[in-house]
There are 2 protein chains.
Amino acid sequence: MTVPPGRRERKKAATRRKIAETALRLFLERGYDEVGIRDVAAEADVAVTTVFSHFASKEALVFEQDEDFEQRLRRAVTDRAPDEPLIPALRREMRELVLHCAADSAVPIWRMIDASPALRKYEESMRLRHAESLATAIAADPALSRTPTACRTIARFVIDAHSLAREAPDPDAAVHEIFRMIEAAWQTTTPTERPRPAVPARNTEPAPATTSP
Amino acid sequence: MTVPPGRRERKKAATRRKIAETALRLFLERGYDEVGIRDVAAEADVAVTTVFSHFASKEALVFEQDEDFEQRLRRAVTDRAPDEPLIPALRREMRELVLHCAADSAVPIWRMIDASPALRKYEESMRLRHAESLATAIAADPALSRTPTACRTIARFVIDAHSLAREAPDPDAAVHEIFRMIEAAWQTTTPTERPRPAVPARNTEPAPATTSP
DNA sequence: AACGTAGCACTAACCGTTAGGGTTTCAAAA
DNA sequence: TTTTGAAACCCTAACGGTTAGTGCTACGTT
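What you are looking at is a predicted structure, and each value in this text was computed from that prediction instead of being measured. As a convention, each chain's residues are numbered from 1 in the sequence order in which they are written. Just so you know, chain letters begin at A and ligand numbers begin at 1, following the order they were written in. Since the coordinates come from a predicted model, pLDDT governs what is reported: local features require at least 70, and pairs of side-chain atoms require 80 or more to be given and counted, while whole-chain, interface and lining totals use all residues. In computing side-chain values, all of the structure's heavy atoms are included and hydrogens and water are not.

1. Quick word on the packing of helix α8 (residues 148–167) of chain A against helix α9 (residues 171–187) of chain B
Next up, step 1: Viewed as axis vectors pointing N to C, α8 of chain A and α9 of chain B meet at an angle of 45 degrees, and their least axial separation amounts to 10 Å. With respect to their mutual orientation, α8 of chain A and α9 of chain B come out oblique. Crossing of α8 of chain A over α9 of chain B shows right-handed handedness. Residues Thr 149, Ala 150, Thr 153, Ile 154 and Phe 157 of chain A of α8 of chain A pack against Ala 174, Glu 177, Ile 178, Met 181 and Ile 182 of chain B of α9 of chain B.
Next up, step 2: Nonpolar residues are Ala, Val, Leu, Ile, Met, Phe, Trp, Tyr, Cys and Pro. Charged residues are Asp, Glu, Lys and Arg, and all others, Gly as well, are polar. Of the residues belonging to the contact of α8 of chain A with α9 of chain B, the class tally is seven nonpolar, two polar and one charged. For every element, the axis is a line fit to its C-alpha atoms; helices are fit only across the contacting stretch, and the angle between N-to-C directions ranges from 0 to 180 degrees. Only runs of H or I of at least four residues qualify as helices and only runs of E of at least two qualify as strands under DSSP, and these elements are numbered from the N terminus. In what follows, roughly perpendicular refers to angles from 65 to 115 degrees, roughly parallel to angles under 35, roughly antiparallel to angles over 145, and oblique to any angle outside these ranges. Crossings are classed by handedness, with left-handed meaning an anticlockwise turn of the near helix from the far one by less than a right angle and right-handed meaning a clockwise turn. The contact rule is simple, with two residues in contact once any of their heavy atoms fall within 4.5 Å.

2. Describing the side chain of Arg 127 of chain A
Next up, step 1: Assignment of secondary structure puts Arg 127 of chain A in helix α7 (residues 117–140).
Next up, step 2: A polar atom in the side chain of Arg 127 of chain A sits 3.3 Å from the side chain of Ser 163 of chain A.
Next up, step 3: Ignoring any residue separated from it by four or fewer positions in sequence, one finds Arg 127 of chain A in contact with Ile 159, Asp 160 and Ser 163 of chain A together with Arg 156 of chain B. The definition of a polar contact used here is a pair of N or O atoms within 3.5 Å, where within protein one atom must be able to donate a hydrogen and the other to accept one, and adjacent residues in sequence count solely through side-chain atom pairs.

3. Some remarks on the relation of the copies chain A and chain B
Next up, step 1: The two copies are related by a screw motion: chain A maps onto chain B through a turn of 179 degrees and a shift of 0.1 Å along the axis, at an RMSD of 0.2 Å. Taken together, these values place the two copies in the relation of a two-fold axis.
Next up, step 2: When you check the interface residues of chain A against chain B, 100% turn up at the interface there too, and the contact is symmetric in its surfaces. Our superposition of the copies is a least-squares fit, built on the C-alpha atoms of residues whose pLDDT is at least 70 in both.

4. Comments concerning the packing of aromatic side chains
Next up, step 1: Any two rings among Phe, Tyr and Trp, with Trp reduced to its six-membered ring, count as a pair given centres within 6.5 Å; such a pair is stacked if its planes are under 30 degrees apart, edge-to-face if over 60, and tilted if neither. Under the counting rule described, the total for this entry stands at six aromatic pairs over all chains.
Next up, step 2: Where Phe 157 of chain A meets Phe 157 of chain B, the ring centres are 3.3 Å apart and the plane angle is 15 degrees; that geometry is what we call stacked. Of this pair, Phe 157 of chain A sits in helix α8 while Phe 157 of chain B is found in helix α8 (residues 148–167), placing the two residues in two different chains.
Next up, step 3: Of the residues examined, Phe 157 of chain B reaches a relative accessible area of 0% and is grouped as buried.
Next up, step 4: Three or more aromatic residues joined by ring pairs form one cluster here, namely Phe 63, Trp 110 and Tyr 122 of chain A.
Next up, step 5: For a ring to carry a charge above it, either NZ of a lysine or CZ of an arginine must fall within 6 Å of the ring centroid while also lying within 35 degrees of the normal to the ring plane. In this structure, Lys 58 of chain A is placed above the aromatic ring of Tyr 32 of chain A, and the distance from its NZ or CZ to the ring centre is 4.2 Å.
Next up, step 6: Stacked on the ring of Trp 186 of chain A, the Lys or Arg Arg 146 of chain A has its end atom at 4.0 Å from the ring centre. Categorising residues by exposure relies on relative accessible area from a 1.4 Å probe, with only protein chains included: less than 20% of the type maximum marks a residue as buried, more than 50% marks it as exposed, and the intermediate range marks it as partly exposed.

5. Let's talk about the protein's contact with DNA strand C
Next up, step 1: Here a residue counts as near a molecule or strand whenever at least one of its heavy atoms sits within 4 Å of it. Not every one of the 23 residues close to DNA strand C is listed here, only the nearest: Arg 8 and Lys 11 of chain A together with Ala 47, Thr 50 and His 54 of chain B.
Next up, step 2: Expressed as a percentage, the sugar and phosphate content of the atoms of DNA strand C within 4 Å of the protein is 60%.
Next up, step 3: In this structure, a base oxygen belonging to DNA strand C sits 3.5 Å away from a side-chain N or O atom of Arg 8 of chain B.
Next up, step 4: When the residues that make up the surface near DNA strand C are grouped by side-chain class, the tally is six nonpolar, eight polar and nine charged.

6. Comments concerning the protein's contact with DNA strand D
Next up, step 1: Not every one of the 23 residues close to DNA strand D is listed here, only the nearest: Thr 50 and His 54 of chain A together with Arg 7, Lys 11 and Lys 58 of chain B.
Next up, step 2: Here, DNA strand D places atoms within 4 Å of the protein, and 59% of those atoms are sugar or phosphate.
Next up, step 3: In the model, a base nitrogen of DNA strand D is placed 3.0 Å from a nitrogen or oxygen of the Thr 49 of chain A side chain.
Next up, step 4: Contact between DNA strand D and Arg 7 of chain B: a phosphate oxygen at 2.5 Å from a main-chain N or O atom of the residue.
Next up, step 5: Those elements giving two or more residues to the surface near DNA strand D turn out to be α1 (7–30) and α3 (48–54) of chain A together with α1 (7–30), α2 (37–44) and α3 (48–54) of chain B.

7. Focus on the UniProt feature "domain: HTH tetR-type" (unreviewed entry) in chain A
Next up, step 1: UniProt positions are given in the numbering used here, feature names are shortened, and annotations may be inferred rather than shown by experiment. As annotated in UniProt, the feature "domain: HTH tetR-type" (unreviewed entry) corresponds to residues 13–73 of chain A in the numbering used here.
Next up, step 2: Measuring from the first to the last C-alpha atom of residues 13–73 of chain A gives 25 Å, for a span that is 67% helix and 0% strand.

8. Describing helix α5 (residues 86–103) of chain A
Next up, step 1: By definition here, a helix of n residues has an expected span of 1.5 Å times n minus one. End to end, α5 of chain A covers 26 Å across 18 residues, agreeing with the expected 26 Å (1.5 Å per residue, within 8%).
Next up, step 2: Of the surrounding secondary structure, the elements contacted by the buried residues of α5 of chain A are α4 (66–78), α6 (107–115), α7, α8 and α9 (171–187) of chain A.

9. What about the UniProt feature "DNA-binding region" (unreviewed entry) in chain A?
Next up, step 1: Listed under "DNA-binding region" (unreviewed entry) in the UniProt record, and renumbered for this structure, are residues 36–55 of chain A.
Next up, step 2: Annotation note: span residues 36–55 of chain A, helix share 75%, strand share 0%, distance between end C-alpha atoms 14 Å.

10. Examining the environment of Arg 95 of chain A
Residue and element names in this part refer to chain A.
Next up, step 1: With respect to the helices and strands, the residue Arg 95 is situated in helix α5.
Next up, step 2: Note on Arg 95: relative accessible area 33%, which makes it partly exposed.
Next up, step 3: Those residues in contact with Arg 95 that lie beyond four places of it in its chain are Asp 172, Val 175 and His 176.

11. Description of α2 of chain B
Residues and elements named next belong to chain B.
Next up, step 1: Every buried residue of α2 is accounted for by Ile 37, Val 40, Ala 41 and Ala 44. Take α2 and look down its axis: the buried residues cluster within an arc of 95 degrees, on one side only. Every exposed residue of α2 that faces more than 90 degrees away from the buried side is listed here: Arg 38 and Ala 42.
Next up, step 2: The positive-phi residue at the C-terminal boundary of α2 is Asp 45, with phi of around 60 degrees. The directions from the helix axis to the C-beta atoms are what the arc is built from.

12. Structural notes on unusual backbone geometry
Next up, step 1: Of note in this structure, Asp 45 of chain A is not a glycine but carries a positive phi near 60 degrees.
Next up, step 2: By the element assignment, Asp 45 of chain A lies in the loop between α2 (37–44) and α3.

13. Description of the interface of chain A and chain B
Next up, step 1: In this assembly, 30 residues from chain A lie in contact with 30 residues from chain B.
Next up, step 2: The salt bridge definition used is simple: a Lys or Arg side-chain nitrogen within 4 Å of an Asp or Glu carboxyl oxygen. Here chain A and chain B share four salt bridges between them.
Next up, step 3: Arg 156 of chain A is the partner of Asp 160 of chain B in a salt bridge, and the nearest nitrogen-oxygen pair spans 3.6 Å.
Next up, step 4: Taken together, chain A and chain B are joined by six residue pairs in polar contact (both at pLDDT 80 or more).
Next up, step 5: Here the side of chain A that touches chain B is built from residues that sort into 13 nonpolar, seven polar and ten charged.

Take a look at the structure:
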């Protein structure tokens with residue numbers, strides 16, 4: 001598993017990192033549309049085909065932490081405390097993600113993204129993937145048990161919250177404002193649940209045959 | 001304005017229609033990815049540049065009624081009866097739009113769209129435009145007076161409802177399920193209104209000197 | 001009738017992306 | 001150690017969407 005990675009893997013990772021860093025530097029220096037893939041490849045001293053063996057498209061060079069984002073949201077659902085409700089957990093995670101985007105040194109990157117139609121388009125298609133991934137995680141939680149449509153709807157709302165809050169004048173306040181709406185939407189979808197009335201009714205996990213292979 | 005259109009305009013419209021019809025026919029016959037712009041131009045007996053003078057991109061050949069969709073949603077807001085609440089008006093319109101997409105002879109077109117990543121991407125970017133347009137219409141209604149973030153959020157939710165309902169097994173039921181959630185979300189955003197009792201000590205915004213220039 | 005221009009054609013290219021085919025470098029089996 | 005397989009990389013050439021440049025022609029207008 002976690003054996004010391006061989007020279008080959010280290011070199012591959014180094015190449016990938018060099019390409020991504022070079023690309024981002026050139027994009028920020030000259031503008032995304034003014035830099036071609038051939039420029040990136042030449043500056044990183046690799047072949048054009050090598051760039052595309054590491055990144056699926058030119059836009060993917062900009063959205064490197066794409067999978068991070070997706071995974072963090074999924075884990076906010078799956079790894080939350082057993083008694084923590086869904087929406088507050090998602091709100092907490094989304095708040096961190098938004099603040100990270102809005103306040104960090106990532107500001108010029110987002111300015112570049114907002115200025116390029118191609119990048120905005122790509123971001124949109126990523127968001128759909130993220131929403132589906134999040135919807136799957138929500139639907140898989142036996143403590144929630146909503147309809148597929150309800151899960152997908154809430155997932156979309158949460159993903160929407162990211163770009164809406166990011167573009168708001170006060171991102172932190174926007175997260176709270178939007179999640180108040182999401183919470184209300186979620187509350188209307190409570191057919192098969194008993195939150196925590198008199199008895200806490202903590203189910204005791206009778207036979208966890210399969211955990212996580 | 002509505003003078004009998006001259007020969008030039010009629011010819012232009014005919015060319016545009018011929019291109020669109022030819023393109024859609026070829027796409028459905030052979031598949032979107034199997035038909036090149038050069039094929040469409042040849043079959044429609046025009047130059048490639050002429051195709052692009054009528055349509056901004058290859059994908060735009062498929063989404064001709066794009067502006068219809070946008071306008072119908074905006075008008076569902078602006079042209080609704082003075083006493084009709086927002087969400088029911090939007091739900092009614094969205095229900096029609098979804099049923100139109102799901103039941104009509106438009107089914108093979110949507111099958112084609114769902115099968116092509118390029119078309120799905122394009123549709124996504126359209127949806128962002130539609131959401132912004134709808135948000136503007138909602139924000140402009142003095143009878144509603146919500147925050148910009150609330151307007152944009154609800155607009156996104158409504159646009160999301162379209163694709164979610166379209167993909168659901170029972171689109172009509174999905175529209176109602178999703179709009180129940182949207183209605184609840186909308187209800188939580190009632191700052192400058194007096195729904196009913198016990199004012200919960202909200203600050204009253206004493207002097208709104210600047211409204212919206 | 002003359003003029004200005006909108007619409008269209010043609011060529012040639014740009015750019016992202018991929019296929020095809022070859023070389024080096026590593027890792028693990030023999 | 002040697003062999004062997006394949007992963008990573010390189011190069012060339014091309015494909016397909018898109019655009020610039022340059023005209024020509026037909027139409028609307030004066």
